[in-house]
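In case you want the letters, here they are:
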Amino acid sequence: MQKNHLDDIDRRILQILSRDARASLQEIGKQVGLSSSPCWQRIKRMEESGLIQGYQARIDMAGLGYGEGLIVMVTLDLHGDEAMQKFEQAVAEIPEIIEACLVSGEYDYFLRLAVRDTRDYERLLREKLYKIPGLRHSVSSFVLRQLKATTAPL
């Protein structure tokens, strides 16, 4: 489904689901002025088209013992397909990396990490990150406070 095929009701449904994916069809329908059945049909259409890609629970990382968040910018030695695939595969196997993006500009990758504390980050660097072949340089910044977290610009 392309964005230009969405009407105001579809957009309002997406806003509601992005705030609360567990909202009932009755709740959503009431907020957008539809009964449950047409509301369900719209949601199903957006799921089938891939516009709605899934539903997740937002987890309190501190509640799991991960008290520190980090942003790590990474530069690779080489930029060929094989080097990038190896790096991306290694990143996918590190559970503390909770987001990874290939980016343009001065760095090659943006990584968002969750660690328990600074010692845990040191361990992660020594045991995992610095062992990834082809990693040339990294710059780390601790997240002091998250100002906004959303899944879509609705």
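Higher on the page you've got the structure.
*Asks:* Break down the pattern of salt bridges for me, with residues and values.
*Replies:* A complete count under the given rule lists 10 salt bridges for this structure. Measuring nitrogen to oxygen at the nearest pair gives 2.9 Å for the salt bridge that ties Asp7 to Arg42. Note that Asp7 is positioned in the segment before α1 (8-19) and Arg42 in helix α3 (residues 36-48), a separation of 35 residues in sequence. Looking at Asp7, the relative accessible area reads 31%, which means it is partly exposed. For Arg42, a relative accessible area of 17% puts it in the buried group. The salt bridge partner of Arg45 is Asp10, with a shortest N-O separation of 3.1 Å. Residue Arg45 is found in helix α3, and its partner Asp10 is found in helix α1; the two are separated by 35 residues along the sequence. Through salt bridges with shared partners, a single network forms among Glu96, Asp120, Arg123, Glu127 and Lys128.

*Asks:* Which residues make up the sheet that holds strand β2 (residues 97-102), and what are the values?
*Replies:* Taking strand neighbours across the sheet as the criterion, the four strands line up as β2-β3-β1-β4 in an open arrangement whose pairing is antiparallel. Only two strands of the sheet have a single neighbouring strand rather than two, namely β2 and β4 (135-142). Across the sheet, the axes of successive neighbouring strands diverge by a mean angle of 20 degrees, strand direction being ignored. Pairing of β2 with strand β3 (residues 109-115) involves five bridges; the strand directions are antiparallel. Its bridge partner being in β3, Cys101 is matched across the sheet by Phe110. Contacts from helix α4 (residues 81-92) reach β1 (68-76), β2, β3 and β4 within the one sheet, and its direction differs from that of β3 by about 15 degrees.

*Asks:* Would you mind going over the layout of surface pockets in detail, with residue names and values included?
*Replies:* In this model, the largest pocket occupies a volume close to 1800 Å³. Lining the largest pocket we find 46 residues, and of these Gln56, Arg58, Ala149, Thr150 and Thr151 sit closest to its centre. Those elements giving two or more residues to the lining of the largest pocket turn out to be α1, β1, β2 and β3. Ranked by residues supplied to the lining of the largest pocket, first place goes to α1 with six residues. Tallied by class, the residues present in the lining of the largest pocket amount to 24 nonpolar, 10 polar and 12 charged.

Rules used in this analysis
- Residue numbers restart at each chain and count upward from 1, following the sequence in its written direction.
- At least 70 in pLDDT is required for a residue's local features to be given in this predicted model, at least 80 for side-chain atom pairs to be given and counted, and no such filter applies to totals for whole chains, interfaces and linings, which use all residues.
- Neither water nor hydrogens contribute to the side-chain values; these are computed over all heavy atoms in the structure.
- What makes a salt bridge here is a side-chain nitrogen of Lys or Arg within 4 Å of a carboxyl oxygen of Asp or Glu, nothing more.
- Secondary structure counts use DSSP, requiring at least four H or I residues in a row for a helix and at least two E residues in a row for a strand, with both numbered from the N terminus.
- Summary of the burial criterion: residues with accessible area below 20% of their type's maximum are buried, those above 50% are exposed, and those between are partly exposed, where the area comes from a 1.4 Å probe applied to protein chains only.
- A pair of strands counts as paired when DSSP detects no fewer than two bridges linking them.
- To obtain an axis, a line is fitted to C-alpha atoms, over the contacting stretch when the element is a helix, and the angle between two such axes runs from 0 to 180 degrees between their N-to-C directions.
- A contact between two residues is defined here by any heavy atoms of the two lying within 4.5 Å.
- Of the grid points, spaced at 1 Å and generated over the protein atoms alone, those admitting a 1.4 Å probe that cannot get out make up cavities, while open sets with protein on both sides within 12 Å along at least five of seven lines make up pockets; any residue with an atom within 4 Å of a point is treated as lining.
- Grid points are joined across faces, edges and corners, and a volume is the space filled by probe spheres set on the points.
- Each residue gets one label: Ala, Val, Leu, Ile, Met, Phe, Trp, Tyr, Cys and Pro are nonpolar, Asp, Glu, Lys and Arg are charged, and the others, such as Gly, are polar.

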